[in-house]
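Notes for the structure review
As a plain string of letters, each chain reads:
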Amino acid sequence: MTALKKQAFELLQDVPEDKMNYVILILKGLNGLLNNQPNFNTGSITELNTSDDALKAWEGFRQYKGIIPCTIDEKAELSKARDEKYARSN
């Protein structure tokens, strides 16, 4: 056993039994990330009973890596929020 695995095992021994479910969920999620597969406690998304539309939407969501393009006037929004917040203080 490597030193890192031994250290992880020792940490797991200190976790209370009632919190072990959280540890298992975290490890399953981590395993899914390392395998580059989504994990929903029952396996990958292809093992779930989902429609083709849901699978296409999921794949589209997984490919998204940016900011949604939107035309917002930041200065106007901030000014409006500031006026609403401090309207009562005057």
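Analysis parameters
Residues numbered from 1 in each chain as written. Predicted model: local features only at pLDDT ≥ 70, side-chain atom pairs only at ≥ 80, totals over all residues. Heavy atoms only, no water. Helix = DSSP H or I, 4+ residues; strand = E, 2+ residues; numbered from the N terminus. Buried < 20%, exposed > 50% of the residue type's maximum accessible area, 1.4 Å probe, protein only. Areas by Shrake-Rupley, 256 points an atom, 1.4 Å probe, with all protein chains shown as cover. Patch = residues over 30% accessible without salt bridge, like charges linked within 9 Å, V, L, I, M, F, W, Y side chains within 5 Å. Salt bridge = Lys/Arg side-chain N within 4 Å of Asp/Glu carboxyl O. pLDDT = per-residue confidence, 0-100. Contact = heavy atoms within 4.5 Å.

Next up on the list: the overall build of the protein. For the protein, the count of helices and strands is 4 helices and 0 strands. Start at the N end of the protein and walk to the C end: the helices and strands fall as α-α-α-α. Expressed as a percentage of the 90 residues in the protein, the buried residues total 7%. Element-wise, carbon and sulfur atoms account for 57% of the exposed surface of the protein, whose accessible area totals about 8600 Å².

Nonpolar side chains collect at one region of the surface, where Leu12, Leu27 and Leu30 lie side by side and expose about 240 Å² of accessible area between them. The residue Leu30 is located in helix H2 (residues 20-34) in this model. Given the relative accessible area of 42%, Leu30 is considered partly exposed.

Bringing the confidence of the model for the protein into the picture now. Segments scoring low in pLDDT should not have their predicted coordinates read at a detailed level. Within the protein, residue pLDDT values average 77, and 73% of them lie at 70 or more. At the level of individual helices and strands, the protein shows its lowest average pLDDT in helix H3 (residues 52-63), which scores 78, and its highest in helix H4 (residues 74-85), which scores 92. In this model, residues 42-46 is a region of pLDDT below 50 whose contacts with residues beyond four sequence positions or in other chains number 10 contacts.

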